[in-house]
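What the coordinates show
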Amino acid sequence: MTNRLGPTLRHLSYAAVLAQMLAAAASPLAPAFAETPNDLGQPAPEVPRDLAPDAVAVTDTSEIKKKLSELTIYGRYYDGEDWIEYHLADGRTAYFEKGCTYPGKWWVEQGEVCYAYPNYRDGAPNCFVMFVRPDGGIQFVAFGGDSAPYLASSSTRTAPGNDAHLPLNGVSPCLSV
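Residues numbered from 1 in each chain as written. Predicted model: local features only at pLDDT ≥ 70, side-chain atom pairs only at ≥ 80, totals over all residues. Heavy atoms only, no water.

1. So, the overall build of the protein chain
Counting its secondary structure elements, the protein chain contains three helices and nine strands. Reading the protein chain from its N end, one meets helices and strands in the order α-α-β-α-β-β-β-β-β-β-β-β. In the protein chain, which comprises 177 residues, the share counted as buried stands at 47%. Once local pairs closer than 6 in sequence are excluded, the contacts in the protein chain between residues at least 24 apart make up 53%. With an accessible surface of roughly 9,300 Å², the protein chain has 55% of that area assigned to carbon and sulfur atoms. (Helix = DSSP H or I, 4+ residues; strand = E, 2+ residues; numbered from the N terminus. Buried < 20%, exposed > 50% of the residue type's maximum accessible area, 1.4 Å probe, protein only. Contact = heavy atoms within 4.5 Å. Areas by Shrake-Rupley, 256 points an atom, 1.4 Å probe, with all protein chains shown as cover.)

2. A look at unusual backbone geometry
One non-glycine residue, K98, adopts positive backbone phi at about 50 degrees. Looking at the secondary structure, you find K98 in the loop between β4 (92–97) and β5 (100–109). A relative accessible area of 61% means that K98 is categorised as exposed. For H165, which is not a glycine, the phi torsion comes out positive at approximately 55 degrees. Looking at where H165 falls in the secondary structure, it is placed in the segment after β9 (149–160). On the basis of relative accessibility, which here comes to 69%, the residue H165 falls in the exposed class.

3. Describing the pairing of β4
Across four bridges, strand β3 (residues 82–87) lies against β4 in antiparallel orientation. By the bridge assignment for β4, E85 is matched with Y95. As defined by bridge partners, β4 adjoins β5 across six bridges and the pair is classed as antiparallel. Note on β5: the bridge partner recorded for Y95 is Y102. (Pairing = 2+ DSSP bridges.)

4. Remarks on the packing of aromatic side chains
Overall, the coordinates contain twelve aromatic pairs when judged by the stated rule. With a centroid separation of 5.9 Å and 40 degrees between ring planes, the pair formed by Y77 and W83 is classed as tilted. Chaining the aromatic ring pairs together yields one cluster made of Y77, W83, Y95, Y102, Y115, Y117, Y120, F128 and F140. The ring of W107 has K105 lying over it, and the distance from NZ or CZ to the ring centre is 5.1 Å. Positioned above the aromatic ring of Y74 is the side chain of R157, whose terminal nitrogen or guanidinium carbon lies 3.9 Å from the ring centre. (Phe/Tyr/Trp six-rings, centres within 6.5 Å; stacked < 30°, edge-to-face > 60°. Lys NZ or Arg CZ within 6 Å of the ring centre and 35° of its normal.)

5. As for the side chain of D54
Within the secondary structure layout, D54 lies in the loop between α2 (14–26) and β1 (56–58). A distance of 2.7 Å separates the side chain of D54 from the side chain of R133, its partner in a polar contact. (Polar contact = N/O pair within 3.5 Å; in protein donor to acceptor, adjacent residues only side chain to side chain.)

6. Concerning the pairing of strand β7 (residues 126–132)
Successive side chains on a regular strand alternate, one facing one side of the sheet and the next facing the other. Most of β7 is tucked away: six of the seven residues are buried. Bridge count for strand β6 (residues 112–116) against β7 is three bridges, and the pairing is antiparallel. By the bridge assignment, Y115 is partnered in β7 with N126. Bridging between β7 and strand β8 (residues 138–143) involves four bridges; their strand directions are antiparallel. Residue pairing across strands places V129 opposite V141, the latter belonging to β8. Linking two consecutive strands that pair antiparallel, namely β7 and β8, is a turn of five residues; a positive phi of about 95 degrees is found at G136 within it.

7. Some points on the pattern of salt bridges
Across all of its chains, the model carries four salt bridges by this definition. Close ionic contact of D54 with R133 constitutes a salt bridge, the shortest N to O distance being 2.7 Å. Here R133 lies in the loop between β7 and β8 and D54 lies in the loop between α2 and β1, a separation of 79 residues in the sequence. As a salt-bridge pair, R157 and D163 come within 3.3 Å of each other at their nearest N and O atoms. (Salt bridge = Lys/Arg side-chain N within 4 Å of Asp/Glu carboxyl O.)

Right, dumping it as structure tokens:
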């Protein structure tokens, strides 16, 4: 698997992403995703329209691990559902949604952060491109069945350590979803 936003995304500067978004917003006839050539002379990859204009993709494994290790993220999915996730430096995670905590694991693969939980969605992994904002906020971009990127979720706040005191061991007593 390769990073689906491609290596060209790493070359997009804040100004280029901002220019794309301003161009798209300036004209009601503008395409959903404006194209900006990168330093390779190719069109820039699509990014979701609702991605914050100051968000920067973090695809380097060490930078992703540095950002997420020993961090609790309080987040909200695009549909408004809230969630909490604590990331341990050793790759374990505790994910909380809808009153249930699911122990699992996280890892980095091809520039994306991936998650899997043994008794949540049959243990199937979900991978995202992580974007970080200057204020420390985090946004996760996923890919639909048509491979189009969409903003899956955004942090509402972050805190060091296991701020929500999520249980880390055992199997969730909740039924698998």
